[in-house]
Amino acid sequence: MTECEKCNGVGWYEVPNYRLECIERVECIDCLLENQFQDHLKLELSQLLCNASPQKLAQIVAELVVNSVNRNENDDLERIEGIIHTKNLMNALALGDTYSR
Ligand SMILES: [Zn+2]
């Protein structure tokens, strides 16, 4: 994904208002629309995925989490081992949630 040229991914940018002689913050419509589009995709895709089996979904999430942790040099695969050994579902879901962002 390329960074927005208008706001550099910040979500707003500054434009000079010559009449009031000040700098105004303007919300970036491009990014707003892009975010709305992505939210729409997430909702529609999750509704479609509701029809898949829990086993298949769990397998996909597990793969995503392990690959993401492995790619993150600040994280450690042993963290996942710990979660598995303690059967800590809450932590497993929290880990997936963190990496989904
Ligand atoms: Zn933007």
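Starting from 1, residues in each chain are numbered consecutively following that chain's sequence as written. In keeping with the model being predicted, local features are shown solely for residues with a pLDDT of at least 70 and side-chain atom pairs are shown and tallied solely at 80 or more, while totals for entire chains, interfaces and linings include all residues.

Some points on the overall build of the chain
Okay, step 1: Helix and strand content of the chain: four helices and two strands.
Okay, step 2: Listing every helix and strand of the chain by position from the N terminus yields β-β-α-α-α-α.
Okay, step 3: By the compact-globule yardstick of 13 Å for 101 residues, the chain is too spread out, its C-alpha radius of gyration being 20 Å.
Okay, step 4: For the chain, the C-alpha atoms occupy an extent of roughly 65 × 35 × 25 Å along the three principal directions.
Okay, step 5: With C-beta atoms placed from the backbone, a contact is any residue pair whose C-beta atoms sit within 7 Å. Contacts spanning at least 24 positions in sequence make up 26% of the contacts within the chain whose residues lie at least 6 apart. Secondary structure elements follow DSSP: runs of H or I no shorter than four residues count as helices, runs of E no shorter than two count as strands, and numbering proceeds from the N terminus. Atoms considered for the radius of gyration are the C-alpha atoms alone. The globule rule reads 2.2 Å times the number of residues to the power 0.38.

A closer look at the domain arrangement of the chain
Okay, step 1: Structurally, the chain comprises domain 1 (1-51) and domain 2 (52-101).
Okay, step 2: The domain limits used here are those given by an automatic or database domain assignment. Look at where the C-alpha atoms of domain 1 and domain 2 centre, and you get two points 29 Å apart.

Focus on helix 2 (residues 54-71)
Okay, step 1: Under the convention used throughout, the expected extent of a helix is 1.5 Å for every residue step, that is, one less than its residue count. Over its 18 residues, helix 2 runs 25 Å from end to end, which matches the ideal 26 Å to within 8%, given 1.5 Å per residue.
Okay, step 2: Across the 18 residues that make up helix 2, only a small minority, one, are buried. Field definition: a residue is buried when 20 or more other C-beta atoms are found within 10 Å of its C-beta, exposed when 12 or fewer are, and partly exposed for counts in between, with C-beta atoms placed from the backbone.

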